[in-house]
Amino acid sequence: MTAVSPPSHRISAFFHRKPQLRLGLLLTAPMLWLGLAYLGALAALFITAFWSTDVFTGKVVTDWSFDNVVTLFSDSVYRTITFRTVGIALLVTVIDAVIAFPMAFAMAKLASPKAQRVLVIMVMTPLWASYLVKAYAWRTLLSGNGVLNWLLNPLGISGPGYGVTATVITLSYLWLPYMILPIYAGLERLPVSLVDASGDLGAKSFRTFRSVILPLTFPAIVAGSIFTFSLSLGDYIAVKIVGGTSQMLGNVVYDNIGAANNLPFAATVATVPVVIMLVYLAAVRRTGALDNL
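Residues numbered from 1 in each chain as written. Predicted model: local features only at pLDDT ≥ 70, side-chain atom pairs only at ≥ 80, totals over all residues. Heavy atoms only, no water.

Identification of the protein as Spermidine/putrescine transport system permease protein from Amycolatopsis echigonensis is taken from an unreviewed UniProt entry. Regarding the protein, the UniProt comment filed under Subcellular location (unreviewed entry) reads as follows: "Cell membrane". As stated in UniProt under Sequence similarities (unreviewed entry), the record for the protein gives "Belongs to the binding-protein-dependent transport system permease family. CysTW subfamily." (UniProt positions renumbered as here; feature names shortened; annotations may be inferred.)

And the structure:
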């Protein structure tokens, strides 16, 4: 007699013969979640941006209108806030890249394997602390009677106080680990033999950095910039804590959702960082940075 395999074995053998079908079934649930929770929310955001609010009742009017878009681009206040937000995000990204690269290089190429593990933990440790705790710590440091002014007063100078500079400093500190880790991963994959070969051919340290190290780790730097740029672009808490009277796009969104009760205009403003990031991701796609995330 021929033994009949149980149904579970037949099903398992069927999926084993069709790996693409098995992969598709495994990805069905997460793709549905992505489509509903993330892409669905973005679609709702873009649709709401073209609605309006009744000035008398405060209710959302679902008639399609471009008034919010016109207001956003025609009002000089919102243009200034947009340029300030993008400028702060770019400056934070540059500062973090300048600080992160030598730190990541020391971790990847100069430290021993045991020291590397310790340094990675030290870099990641601030991520375990509360965002608000770190932001308010910088508020204390930058206050008029804070530690920074106490250190600078004997030199006859004072700290930046609260404002755009304080916002840049705070955001640079908050997002620095997100720049260090991708660069560290990129430098760790860099073959030491290439650096040695550059030296053997007579290249000085700066020439080796410019011609060998920087081009090969550029995708990792861009990968880190995606984090720092996007996180700074959408931040609104740090500027509330240390920004003084300065505003960023996130503050406009927050104020229109809360005090102003103008959800459609808040959605219109919120689309600006989304569009900027889509353009940025499309621009860096060819660098291979997305493969380093």
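Having seen the model, we can carry on.
Chemist: Help me understand the overall build of the protein in this model?
Modeler: Scanning the protein from terminus to terminus reveals 13 helices and 2 strands. Here the C-alpha radius of gyration of the protein, 25 Å, is well above what a compact globule of 293 residues would show, namely 19 Å. Expressed along its principal axes, the backbone C-alpha trace of the protein runs to roughly 90 × 65 × 35 Å. Going through the 293 residues of the protein one by one, you find that 33% of them count as buried. Across the protein, 19 positive and 11 negative side-chain charges occur, with their mean positions spaced 13 Å apart. (Helix = DSSP H or I, 4+ residues; strand = E, 2+ residues; numbered from the N terminus. Rg over C-alpha atoms; globule rule 2.2 N^0.38 Å. Buried < 20%, exposed > 50% of the residue type's maximum accessible area, 1.4 Å probe, protein only. Lys, Arg positive; Asp, Glu negative; His and termini not counted. Charge placed at Lys NZ, Arg CZ, Asp CG, Glu CD.)

Chemist: It is not clear to me how the UniProt feature "transmembrane region" (unreviewed entry) in the protein should be interpreted in this structure. Could you clarify?
Modeler: If you check UniProt for "transmembrane region" (unreviewed entry), the listed places come out as residues 21-51, 81-106, 118-137, 157-176, 212-233 and 263-283 in our numbering. End C-alpha atoms of residues 81-106 are separated by 38 Å, and the span's content is 100% helix alongside 0% strand. With 100% helix and 0% strand, the stretch residues 212-233 has end C-alpha atoms that lie 31 Å from each other.

Chemist: In this structure, what is going on with the nonpolar core? I would like to understand it.
Modeler: The nonpolar side chains of soluble globular proteins are, as a tendency, buried together. Counting 17 residues, the largest nonpolar core has Ile-180, Ile-183 and Leu-187 as the members making the most contacts within it. Not counting residues within four places of it along the chain, the set of residues in contact with Leu-187 comprises Phe-101, Ala-104, Phe-105, Ala-108, Lys-109, Ile-213 and Thr-217. Among the nonpolar cores identified, the runner-up in size contains 13 residues, and Leu-45, Ile-81, Phe-265 and Ala-270 belong to it. (Core = buried A, V, L, I, M, F, W, Y, C linked by side-chain atoms within 4.5 Å. Contact = heavy atoms within 4.5 Å.)

Chemist: Whenever I open this one, the packing of aromatic side chains confuses me. Can you help?
Modeler: Aromatic ring pairs are described here by two measures, namely the spacing of the ring centres and the angle between the planes. Tallying each qualifying case throughout the model produces 10 aromatic pairs. Between Phe-229 and Tyr-280, the ring centres sit 5.1 Å apart and the planes meet at 35°, which makes this aromatic pair tilted. Taken together, the positions of Phe-229 in helix H10 (residues 205-233) and Tyr-280 in helix H13 (residues 263-284) put the pair 51 residues apart, joining distant regions of the chain. Judged by relative accessible area, Tyr-280 falls into the partly exposed class, the value being 23%. Grouped by ring-pair contacts, the aromatic residues Tyr-131, Trp-175, Tyr-178 and Phe-227 constitute a single cluster. (Phe/Tyr/Trp six-rings, centres within 6.5 Å; stacked < 30°, edge-to-face > 60°.)

Chemist: Which parts of the structure should I look at to understand H13?
Modeler: The periodicity of an α-helix, 3.6 residues per turn, causes residues three or four places apart in sequence to face the same way. For H13, with 22 residues, the first-to-last C-alpha span of 32 Å sits near the 32 Å given by 1.5 Å per residue. Considered for burial, the residues of H13 that qualify are Pro-264, Phe-265, Ala-266, Ala-267, Thr-268, Val-269, Ala-270, Thr-271, Val-272, Pro-273, Met-277 and Val-284. Looking at where H13 begins, the residue whose side-chain oxygen comes 3.3 Å from the main-chain nitrogen of Phe-265 is Asn-262. (Expected span 1.5 Å × (residues − 1). Polar contact = N/O pair within 3.5 Å; in protein donor to acceptor, adjacent residues only side chain to side chain.)

Chemist: Which parts of the structure should I look at to understand the pattern of salt bridges?
Modeler: A side chain with one charge may pair with a side chain of the opposite charge, provided their charged atoms come close. Within this structure, the stated rule accounts for 1 salt bridge. With a shortest N-O distance of 3.7 Å, Lys-240 and Asp-255 are connected by a salt bridge. Residue Lys-240 is located in helix H11 (residues 237-242), and its partner Asp-255 is located in helix H12 (residues 249-257); the two are separated by 15 residues in the primary sequence. Overall, Lys-240 belongs to the partly exposed group, its relative accessible area being 48%. Under the relative-accessibility criterion, Asp-255 is labelled partly exposed at 23%. (Salt bridge = Lys/Arg side-chain N within 4 Å of Asp/Glu carboxyl O.)

Chemist: Would you mind showing me how to read the domain arrangement of the protein here?
Modeler: Where interface size is quoted, it is often the accessible area lost as the parts come together. Parsing the protein into structural domains produces domain 1 (7-49) and domain 2 (65-287). In this assembly, 5 residues from domain 1 lie in contact with 8 residues from domain 2. Of the roughly 550 Å² buried where domain 1 meets domain 2, counting both sides, 81% is carbon and sulfur surface. The largest contributions to the domain 1 side of the interface with domain 2 come from Leu-45, Thr-48 and Ala-49, which together make up 74% of the buried area. The tally of links between domain 1 and domain 2 comes to 0 salt bridges. Summed over the shared surface of domain 1 and domain 2, the number is 2 residue pairs in polar contact (both at pLDDT 80 or more). A per-class count over the side of domain 1 that touches domain 2 returns 4 nonpolar, 1 polar and no charged. (Domains from an automatic or database assignment. Buried area = accessible area lost by both parts, 1.4 Å probe. Nonpolar A, V, L, I, M, F, W, Y, C, P; charged D, E, K, R; others polar.)

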